[in-house]
Amino acid sequence: MAYATGITFASRSILPICSRTFLSPLRVASLLVFPEKSSATFFRRVQVPHLFSTSTTTLFSSVKCSIHSTSSPETENQAVFRPNVVDILEERGLLESITSENLRSACSDPKVAPLRVYCGFDPTAESLHLGNLLGIIVLSWFQRCGHQAVGLIGGATGRVGDPSGKSLERPELDADTLEKNIAGITKIIIKILGSNPSSGGSYVIFNNYDWWKDMTMLDFLNKVGRFARVGTMMAKESVKKRLESEQGMSYTEFTYQLLQAYDFLHLFKNEGINVQIGGSDQWGNITAGTDLIRKILQAEEAAYGLTFPLLLKNDGTKFGKSEDGAIWLSPSMLSPYKFYQYFFSVPDVDVIRFLKTLTFLSLDEIKILEDQMSKPGYVPNTAQIKLAEEVTRFVHGEEGLKEAIKATEALRPGAETKLDWNLIERIAEDIPSCSLPIDRVSGLSIVDLSVSAGLFESKSAARRMLKQGGFYMNNERVDDENKRVDEEDIVEGRGLVLSAGKKNKVVVRIS
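Note that the structure is a prediction, hence the values are computed from the model and not measured. (Residues numbered from 1 in each chain as written. Predicted model: local features only at pLDDT ≥ 70, side-chain atom pairs only at ≥ 80, totals over all residues. Heavy atoms only, no water.)

A. Representation of helix α17 (residues 382–410) within the structure. Between its first and last C-alpha, α17 extends only 19 Å over 29 residues, short of the 42 Å set by a 1.5 Å rise per residue. Largest kink in α17: about 125°, centred on H396. (Helix = DSSP H or I, 4+ residues; strand = E, 2+ residues; numbered from the N terminus. Expected span 1.5 Å × (residues − 1). Bend = angle between axes of the 7 residues up to and from the residue.)

B. Focus on the sheet that holds strand β12 (residues 433–436). In spatial order, the strands read β12-β16-β15-β13-β14; together these five strands make up an open sheet with mixed pairing. Of all the strands in the sheet, just β12 and β14 (476–477) have a single pairing partner and so form its edges. Sheet topology places strand β13 (residues 471–473) next to β14; two bridges connect them, and they run antiparallel. Paired with Y472 across the bridge in β14 is R477. (Pairing = 2+ DSSP bridges.)

C. Summary view of unusual backbone geometry. Despite not being glycine, Q298 has its phi angle at roughly 55°, a positive value. Along the polypeptide, Q298 turns up in the loop between α13 (283–297) and β9 (304–308). In the Ramachandran plot, E492 falls in the positive-phi region, its phi being about 55° despite a non-glycine side chain. As for its placement among the helices and strands, E492 is situated in the loop between β14 and β15 (495–500). Judged by its relative accessible area of 52%, E492 is exposed. (Buried < 20%, exposed > 50% of the residue type's maximum accessible area, 1.4 Å probe, protein only.)

D. Broad picture of the nonpolar core. Membership of the largest hydrophobic core comes to 68 residues, with the highest contact counts inside it found for I277, L306, F343 and L358. Per-element tally for this core: the top contributor is helix α5 (residues 130–144), with nine residues. Each of domain 1 (85–308) and domain 2 (335–411) accounts for three or more of the residues forming this core. Setting aside chain neighbours within four positions, we find I277 in contact with V117, Y118, C119, G135, V138, L139, F142, I286, L306 and F308. (Core = buried A, V, L, I, M, F, W, Y, C linked by side-chain atoms within 4.5 Å. Domains from an automatic or database assignment. Contact = heavy atoms within 4.5 Å.)

E. Representation of the pattern of salt bridges in the model. Taken as a whole and judged by the stated rule, the model has 15 salt bridges. A salt bridge links R104 to E101; the nearest nitrogen and oxygen atoms lie 2.8 Å apart. The salt bridge involving D486 is made with K483; its shortest N-O contact spans 3.6 Å. Overlapping salt bridges, with partners in common, bring together D87, E90, E101 and R104 in one network. (Salt bridge = Lys/Arg side-chain N within 4 Å of Asp/Glu carboxyl O.)

F. Region of the structure containing the environment of I424. Position of I424 relative to the elements: it lies in helix α18 (residues 421–428). Its relative accessible area of 0% is what places I424 among the buried residues. Sequence separation between I424 and V491 is 67 residues; the distance between their C-alpha atoms is 9.0 Å. Filtering out sequence-adjacent residues up to four positions away, I424 remains in contact with L419, V491, V497 and V507.

Okay, here's the thing in structure tokens:
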């Protein structure tokens, strides 16, 4: 493939360039980024291959970004001594199973090259969700311990559907939707794995459509099918459950484990990727890959699998769902404010465990918070605030966290933060709102307005809340039930915020 001549960009702008400029046409593919070896390097070289495919069949044309820099002997010596990432994951409750204990020794052995570790993400939506976040966190732990993280986007497997944990077959997605989803997920992985300085920034993104798109059925049967044993495939837990169900399982879904197994084989053979990670429900698919590598390449103890527990609440139900649906990682699908609020609302019984699994705080810091929770004088939700801050910063960056904190503070009844209309517009996406003409707002009784806006079902309910001291307009308490809305109460002449207690709010827009 012919590459463009070397283009040099400032190091701080390389990731935004990759994520915004290159991703915008939605036809992007394998994005390869190597780590800087010196924090003193201020410029990186980017080589850009054929960016935009004219083919209508290629979902993901190639984009490759390479980063080069010089390093000092001291830096290279430090890179030899790597913390044992498997031990770290185990201590934090992020380790379910590994295919071999040799992985534990290999990950910190100075005589063994850094591992290349991948996690797969099928493009079933335009954004990843909270259930996918553990995979990114585990990849980031490998990064922080000196290894290379690899994200594999399932441009091919996303057309098939993984039966693991599913009671119904995944609906088929058209090419345009897949392409849009791939671009959205790629952007999220770039933002998270590439923008955290402490992670080292070493990551690669591939799309398995690149090697599946030209494979024929006969090729598949010859390269993969003849090495697969039907009895072993039938014994997989995900397969057994579906076969016993009323819906059964299609042949398409039945082959999914072979597709994922071949992905591992391809990445191991062609890219030197030697570890696959996934949730505990992926154990069967992962071991199918290690078995295929062993059978075809005769490679014993060369490829490893690692699984982490699923993200569950204390009661055993899935963590990552809200009344409105999935907790998305894309700010266009769920605002940083609402994302922050979800973690702020975690119950005390779960918060310490989530601090261990979802943040990079040291265990000593977490232990201090845990001890404080049982002592007199502990300020409620202190641990939740720390959890919300750390996870929001990791996913949405410092700017996203600032936005979330500002909106949280602005919506707190009695807050000193002065509301402006831009802020109200942003928070209006996450709380109920209504539009009323100016003559139904200005001069109207605050009690009547609260009922018209839907904050209360009746005037008597509004008066009760007002007498209890929980009625606010623009975060200022309303004590007089005869209060009428003045023009100066309407923020910039465009609207206002009514609150009943801490949680129930409504934005009233002037139509």
